[in-house]
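One-letter residues, chain by chain:
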Amino acid sequence: MIVVTGATGGLGGATVEHLLKRVPADEIGVSVRDTAKARHLADRGVRVRQGSYEDPAALRDSFAGADQVLLVSGNDPAADLVALHRNAVEAAVAAGARRVLYTSQQGAVPGNPYPPSEFHLATEAILGDSGVAWTALRNGAYGPLGQVLGPWQRTGVIAQPKDGPVPYTDRADIAEATAALLAGDRSFDGPVALTAPTALTFDDFARITSDLTGRTVKRVVLDDEQWVADQVTTGMPEQVARLLLTWYQASRAGYFTDTDPLLTELLGREPRTAADRLTADLAT
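Note that the structure is a prediction, hence the values are computed from the model and not measured. (Residues numbered from 1 in each chain as written. Predicted model: local features only at pLDDT ≥ 70, side-chain atom pairs only at ≥ 80, totals over all residues. Heavy atoms only, no water.)

**Comments concerning the pattern of salt bridges**
Taken as a whole and assessed by the stated rule, the structure comprises 16 salt bridges. A salt bridge links D163 to R219, with the nearest nitrogen and oxygen atoms 3.3 Å apart. Taken as a pair, D163 in the loop between β7 (157-161) and α8 (171-183) and R219 in strand β9 (residues 218-222) lie far apart in primary sequence, 56 residues in all. The burial state of D163 is the same as that of R219; both residues are buried. The residue D204 makes a salt bridge to R207 at a minimum N-O spacing of 2.2 Å. Remark: R207 and D204 occur in helix α9 (residues 202-213); sequence separation between them is 3 residues, near one turn of the helix. Among the charged side chains, a salt-bridge network with shared partners connects D170, R272 and R277. (Salt bridge = Lys/Arg side-chain N within 4 Å of Asp/Glu carboxyl O. Helix = DSSP H or I, 4+ residues; strand = E, 2+ residues; numbered from the N terminus. Buried < 20%, exposed > 50% of the residue type's maximum accessible area, 1.4 Å probe, protein only.)

Right under this line is the structure:
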């Protein structure tokens, strides 16, 4: 059985949908905080059990019978995510899972100034010491491009701090590739990267959006402190703004530059490009 955590969230839920196209529903289980939110999966034959990283005993029970477990990383900046992930890994091992897959992050290497890299690295170390086979899916940045680029459609400007090349990756493609790994015959030990094949800068996005809209979209580089101040004036807590700023700092330091062909191989097709995604956004 394949058990997926976070199955009522974006990435976990999409992964389950792709798994349902590949394996019988009774070979899929989900571990979720609120089972009522997974009723749509239970109605289709998926095993639904309650579990959360804060409750190791319930989590272990929710993993019972699992051959593989997909641990979707937590995202609460106020939580002790390393401890929670340790609970999840230990629960999977105690339940007898043969392999644990974990949703890590591209650029999870020592020295990366983006703080989430630290808990991803720590979790990968926990997996390495777990005694079971494991795979860390170092996913490329898959946030909505509207959030990444800001209100460019309204302003005609991509006004963000100095950046560097990033292979912005479609979350749906990552989910499909993750399902292919879980349901397929191939297995990978340790970290692997799932990224779009091309790394782009905001200058590239300015050209792409200009071509798509037929109007000039300008790239404006904002001073780091000015950008933080602008975010605070829109209501973003300063602590959050400064955390996001480290992502730009990491990108311009080259921590997200590398691309990998594995995503394309697992999909059996070319992943969606940034232009594809922006075209879809413009149509909505």
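Following the structure, the description resumes.
**Section: the sheet that holds strand β8 (residues 190-194)**
An order of β3-β2-β1-β4-β5-β6-β8 is seen for the 7 strands of this open sheet, with the pairing classed as parallel. Edge strands, defined here as strands with exactly one partner in the open sheet, are β3 (47-50) and β8. In this sheet, neighbouring strand axes are inclined to one another by 20° on average, regardless of whether the strands run parallel or antiparallel. Pairing geometry for strand β5 (residues 99-105) and strand β6 (residues 133-139), over 7 bridges, is parallel. Paired with T103 across the two strands is L137, which belongs to β6. Helix α1 (residues 10-19) rests against β1 (2-5), β2 (28-32), β4 (68-71), β5 and β6 of the sheet, and its axis sits at about 155° to β1. Sitting on the sheet, helix α5 (residues 116-128) touches β5, β6 and β8, and the angle it makes with β5 is about 165°. (Pairing = 2+ DSSP bridges. Axes fitted to C-alpha atoms, helices over the stretch in contact; angles between N-to-C directions. Contact = heavy atoms within 4.5 Å.)

**What about the packing of aromatic side chains?**
Evaluation of the coordinates by the stated rule reveals 8 aromatic pairs. An angle of 55° between the planes, with centres 6.2 Å apart, marks the rings of F202 and Y248 as tilted. With F202 in helix α9 and Y248 in helix α11 (residues 238-252), this residue pair connects regions lying 46 residues apart in the sequence. Comparing F202 with Y248, the two get one shared label, buried. Plain terms: the ring middles of W247 and F256 are 5.6 Å apart, the flat faces sit at 25° to each other, and that makes the pair stacked. Per residue, the accessibility class of W247 equals that of F256, and both read buried. (Phe/Tyr/Trp six-rings, centres within 6.5 Å; stacked < 30°, edge-to-face > 60°.)

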